[in-house]
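Residues per chain are reported as follows:
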Amino acid sequence: SGLGPRRDAAALPSGARVPILMYHYVSSPSLTADRLRHDLSVEPTEFEAQVRWLKKNGYTTISLGQLHEHLSTGKDLPPKPVVLTFDDGHIEHYAFVYPLLKSLGMTATFFVVADYATFSYTNPTYLSWQHAREMADGGMSIESHGRSHRELRNRSFQFLVWEILGSIEQIEAYTGQRPRFFCYPVGHYD
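Please read all numbers here as calculations on a predicted model, not as lab measurements.

(A) A look at the overall build of the protein chain. A count of helical and extended segments in the protein chain gives 7 helices and 5 strands. Relative to the globule expectation of 16 Å for 190 residues, the C-alpha radius of gyration of the protein chain, 17 Å, shows essentially globular dimensions. Seen through its C-alpha atoms, the protein chain measures out along the principal axes to roughly 55 × 45 × 30 Å. Across the 190 residues of the protein chain, 43% fall into the buried class. For the protein chain, restricting intrachain contacts to residue pairs at least 6 apart in sequence, the fraction spanning at least 24 positions comes to 66%. Put simply, the protein chain shows about 10,500 Å² of open surface, and 54% of that area lies on carbon and sulfur atoms. Seen as two clouds, the 18 positive and the 20 negative side-chain charges of the protein chain have centres 5 Å apart.

(B) Spotlight on the pairing of strand E5 (residues 141–144). Burial of the side chains of E5 extends over both faces: Ser141 and Glu143 are buried on one face and Ile142 and Ser144 on the other. Across 4 bridges, the pairing between strand E4 (residues 109–112) and E5 is parallel. Considered in E5, the bridge of Phe110 is made with Ile142.

(C) Just the packing of aromatic side chains, in detail. Within the structure shown, the criterion is met by 12 aromatic pairs. Taking 6.4 Å as the distance between ring centres and 65 degrees as the angle between the ring planes, the aromatic pair formed by Phe47 and Phe96 counts as edge-to-face. One end of the pair, Phe47, is in helix H2 (residues 44–56); the other, Phe96, is in helix H4 (residues 91–103), and 49 residues separate them in sequence. Among the aromatic side chains, those forming a connected cluster through ring pairs are Tyr23, Phe47, Phe86, Phe96 and Phe110. Of note, Arg147 hangs over the ring of Trp162, and the distance from its end group to the ring centre comes to 3.8 Å. Taking NZ or CZ as reference, Arg155 lies 4.2 Å from the ring centre of Phe159, over its face.

(D) Broad picture of the packing of H4 against helix H6 (residues 129–137). At a minimum axis separation of 10 Å, H4 and H6 run at an interaxial angle of 35 degrees. In this structure, H4 crosses over H6, and the sense of that crossing is left-handed. Contact with H4, carried on its side by Ile91, His93, Tyr94 and Tyr98, involves His131, Glu134 and Met135 of H6 and no other residues of that element. Here the contact of H4 with H6 is composed, by residue class, of 4 nonpolar, 2 polar and 1 charged.

(E) Quick peek at the pattern of salt bridges. The tally for this structure, following the rule as stated, stands at 6 salt bridges. Glu172 is paired through a salt bridge with Arg178; the nearest N and O atoms lie 2.7 Å apart.

Rules used throughout
Numbering of residues starts from 1 in every chain and runs along the sequence as written. Only residues with pLDDT of 70 or above have their local features reported here, since the model is predicted, and side-chain atom pairs are shown and tallied only from 80 upward, although totals for entire chains, interfaces and linings are computed over all residues. The basis for every side-chain value is the complete set of non-hydrogen atoms in the structure, without hydrogens or water. Elements are defined by DSSP. Helices are runs of H or I of four residues or more, strands are runs of E of two residues or more, and each kind is numbered from the N terminus. The atom set for the radius of gyration is the C-alpha atoms, and the globule formula is 2.2 Å times the number of residues raised to the power 0.38. When a residue's accessible area, from a 1.4 Å probe over protein chains only, is under 20% of the maximum for its type it is buried; when over 50% it is exposed; and in between it is partly exposed. It only takes one pair of heavy atoms within 4.5 Å for two residues to be counted as in contact. Calculation of accessible area relied on Shrake-Rupley with a 1.4 Å probe; when residues are assessed, cover is drawn exclusively from the protein chains displayed. For the purpose of charge, His is not counted, nor are the chain termini; Lys and Arg are scored as positive and Asp and Glu as negative. Think of each charge as sitting on NZ of Lys, CZ of Arg, CG of Asp or CD of Glu. Should DSSP find at least two bridges between two strands, the strands are taken to pair. Put simply, two rings from Phe, Tyr or Trp (the six-membered ring, in Trp's case) pair if the centres are within 6.5 Å, and we call them stacked under 30 degrees between planes, edge-to-face over 60, tilted for the rest. By definition here, charges over rings are those cases where NZ of Lys or CZ of Arg is within 6 Å of the ring centre and within 35 degrees of the ring normal. Axis lines are fitted to C-alpha atoms, over the contacting stretch for helices. Their N-to-C directions set the angle, which ranges from 0 to 180 degrees. Definitions for this section: a left-handed crossing has its near helix turned counterclockwise from the far helix by less than a right angle. A right-handed crossing has that turn clockwise. Gly is placed with the polar residues, together with every amino acid not listed as nonpolar (Ala, Val, Leu, Ile, Met, Phe, Trp, Tyr, Cys and Pro) or charged (Asp, Glu, Lys and Arg). Take a side-chain nitrogen of Lys or Arg and a carboxyl oxygen of Asp or Glu: if they are within 4 Å of each other, that pair is a salt bridge.

This is the structure in structure tokens:
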């Protein structure tokens, strides 16, 4: 299977206690921003304090791939694993979060919206494919958050292929790494 030797099903862990911390914006919202923008924002100084606390207290960032491997093959995890995820592919993920994590020897999973990266030249609040490639090359996981960030409930098969497979193919083409995980836009699924 390429994942290494499989253990007897009885030897596999039945679960794992791994916190997954999910972020959207790591920036200061403007005074005119709506409530949702405020609710989804973490101030950069607060975020830095959070990751420094994790590091100081012995937490080790792992990828979703490592967590999956632990659950499916029993491969060991570090003593205090934690997963950091970031949704949407905001530019501060590249400009602030990525350098900070790299300086601390930490990793994260970034769920990017393919069209946002493709058209970042028209909306510079999102990271570009060049940024995503640099982050992937720097040890970060770049995963799919859909092609256009549209909700996927009650959609046709063709629509789902366009949104899901299309975004996976774009990420692979631009970063050289095939995504293994998908984060539903808006968090709704059926």
